[in-house]
Amino acid sequence: MKSFSRTTKEELAFLEKDKDCCALSELLGLMVFAGSFSNNSIKIQTENDCIAIRFQGLFNELFDYYIPISIENNSYILIIDKLDIILKIYSLLRIIGNTPSIPYEYLKKDCCKSSFLRGTFLASGIIMDPRKNYNLEFVLKNEALALNLKGFLESLGFLPKITKRKKYTVIYMKSNGMISDFLGYIKAINALNTFSDVVIQKEFTNNFNRSSNLDIANTDKIYVASSEHIKAIMELDESVGLDTLPEELREIAFLRIENPELSLTELGKLCIPPITKSGVNHRLKKIIKLAERG
Ligand SMILES: [Zn+2]
């Protein structure tokens, strides 16, 4: 099965090309974070074929220059060795001692900042499957560049953290809200939808488990009863519509749907005026009966 990172990157690599300014920004992001620079060549290396093809396509469009892709130890390599093109790129990127930095002068517009960050993520980002863990990170060999990226992310309102992992510097985010914002910002819309669905499911389960000090057996009982109620409410809504119910039944129906994790006693406390556990039970039984009658 493809990793979540791989699926996210494929989605981005197949996005329609945007305006020229943004195409250039994305290309610069890819080069800064996946490139190695020397005086007579620029080498782009990636483990993902889609990214190699994306780079090749963008480069061809903007510089009218076709770079062949070669494969070496499971990596896809693109080498630019034409002097006038190298000079053009050196003038776009500020490269000091073979290390590039973020070219802020080309990233004034929001559209271009977003595209540059997309290129950065394609080149060096990893996102974990949200079902396992919330984590999005950039793993970089060059510490100065890592700090540069941290500053750039901060300028966009993200608050990443930084750590060392062997010879690498890692910039990472663990907050699900921040990761969602990031995915939206770089236009990974399908990945964002999947990510948000998992967050909602997890929160539902957490609330459920946190809901009371009841033991697990008891929680399971609530869950079974609650799903039975919700099923009946949904059926009723489809057949006659919840609006046709008397006020007291409609109130408990809505409360049940909004709070599937609560016990009957807790639901009773939310009614206006509050009612007892047996009062709640009585009303929900009525709803089930009505639903059965159809
Ligand atoms: Zn732009």
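What you see is a predicted model, and the numbers here were worked out from it, not measured in a lab.

S.K.: What is the right way to read the pattern of salt bridges from this model?
M.R.: Where charged atoms of side chains with opposite charge meet at close range, the side chains can pair. A complete count under the given rule lists 17 salt bridges for this structure. D49 is the partner of R6 in a salt bridge, and the nearest nitrogen-oxygen pair spans 3.0 Å. With R6 in helix 1 (residues 4-13) and D49 in helix 3 (residues 49-63), the pair connects residues that are 43 residues apart, well separated along the chain. R165 is the partner of E137 in a salt bridge, and the nearest nitrogen-oxygen pair spans 3.1 Å. Taken together, the residues E137 in strand 8 (residues 136-140) and R165 in strand 9 (residues 161-165) connect sequence positions 28 residues apart. Look at E137 and you get buried, because its relative accessible area is 8%.

S.K.: Explanation requested: the domain arrangement of the chain in the structure shown.
M.R.: By convention, interface size is frequently given as the accessible area that disappears when the constituent parts associate. With domains assigned, the chain is organised as domain 1 (4-197) and domain 2 (211-293). Here the C-alpha centroids of domain 1 and domain 2 sit 50 Å apart.

S.K.: I keep staring at the side chain of R283 and nothing clicks. Help me out?
M.R.: Examined against the element boundaries, R283 turns out to sit in helix 12 (residues 277-293). Given a relative accessible area of 14%, R283 falls into the buried group. Excluding its chain neighbours within four sequence positions, the residues that come into contact with R283 are E248, L249, E251, I252, C271 and I275.

S.K.: Explain the coordination of the zinc ion here, please?
M.R.: Surrounding the zinc ion are the protein donor atoms C21 (SG), C22 (SG), C111 (SG) and C112 (SG), which sit 2.3 to 2.4 Å from the metal. Each of the four donor atoms bound to the zinc ion contributes to angles spanning 96 to 132°, and the resulting shape is tetrahedral. Each donor residue of the zinc ion belongs to the same chain, and together they define the spacing C-C-x88-C-C. By relative accessible area, C112 is classed as buried at 3%.

S.K.: What exactly am I supposed to notice about the sheet that holds strand 1 (residues 35-37) here?
M.R.: Strand pairing in a sheet is mediated by backbone hydrogen bonds. Such pairs are either parallel or antiparallel. Judged by pairing direction, the sheet is antiparallel, and its four strands sit side by side in the order 1-2-4-3 without closing on themselves. The open sheet has two free edges, formed respectively by strand 1 and strand 3 (69-72), since each of these has just one partner strand. On average, each strand axis in the sheet is tilted by 30° relative to the strand beside it, whichever way the strands run. Each of strand 1 and strand 2 (42-46) is contacted by helix 2 (residues 20-34), which is oriented at about 70° to strand 1, the strand it contacts most. Each of strand 2, strand 3 and strand 4 (75-80) touches helix 3; the most contacted strand, strand 4, lies at about 20° to it.

S.K.: Is there a simple way to explain the packing of aromatic side chains in this structure?
M.R.: The relative placement of two aromatic rings is captured by the distance of their centres and the angle of their planes. Inspection of every chain in the model, using the stated rule, returns 13 aromatic pairs. Ring geometry for F37 and Y90: centres 6.2 Å apart, planes at 75°, overall edge-to-face. Residue F37 is found in strand 1, and its partner Y90 is found in helix 4 (residues 83-92); the two are separated by 53 residues along the sequence. Taking the relative accessible area as the measure of exposure, Y90 reaches 22% and is therefore partly exposed. Following the ring pairs from residue to residue traces out a cluster consisting of F121, F138, F158, F182 and Y185. A cation over a ring is seen here: K9 above F121, with NZ or CZ 5.6 Å from the ring centre.

S.K.: Before we go on, may I ask you to explain the nonpolar core in this structure?
M.R.: In this structure, M31, F59 and F182 are the most contacted members of the largest nonpolar core, which totals 62 residues. If you tally residues by element for this core, the top one is helix 2, at 10 residues. Excluding its chain neighbours within four sequence positions, the residues that come into contact with F182 are L117, F121, L136, F138, L153, F158 and M173. If you look at the next biggest cluster of nonpolar residues, it comprises 18 residues, including L245, I252, L264 and A291.

S.K.: Please clarify how the pairing of strand 10 (residues 168-173) should be interpreted in this entry.
M.R.: Consecutive side chains along a regular strand alternate between the two faces of the sheet. Of all the six residues making up strand 10, five are buried; the element is thus mostly covered by neighbouring parts of the structure. Sheet analysis places strand 9 next to strand 10, joined by five bridges and oriented antiparallel. Paired with K161 across the strands is Y172, a residue of strand 10. From the end of strand 9 to the start of strand 10, which pair antiparallel, there are two residues, and K166 there has a positive phi angle of about 50°.

Procedures and definitions
- Residues numbered from 1 in each chain as written.
- Predicted model: local features only at pLDDT ≥ 70, side-chain atom pairs only at ≥ 80, totals over all residues.
- Heavy atoms only, no water.
- Salt bridge = Lys/Arg side-chain N within 4 Å of Asp/Glu carboxyl O.
- Helix = DSSP H or I, 4+ residues; strand = E, 2+ residues; numbered from the N terminus.
- Buried < 20%, exposed > 50% of the residue type's maximum accessible area, 1.4 Å probe, protein only.
- Domains from an automatic or database assignment.
- Contact = heavy atoms within 4.5 Å.
- Donors = N, O, S within 2.8 Å, 3.2 Å for Na, K, Ca; no water.
- Tetrahedral: all angles 85-135°; square planar, octahedral: opposite > 155°, others 65-115°.
- Pairing = 2+ DSSP bridges.
- Axes fitted to C-alpha atoms, helices over the stretch in contact; angles between N-to-C directions.
- Phe/Tyr/Trp six-rings, centres within 6.5 Å; stacked < 30°, edge-to-face > 60°.
- Lys NZ or Arg CZ within 6 Å of the ring centre and 35° of its normal.
- Core = buried A, V, L, I, M, F, W, Y, C linked by side-chain atoms within 4.5 Å.

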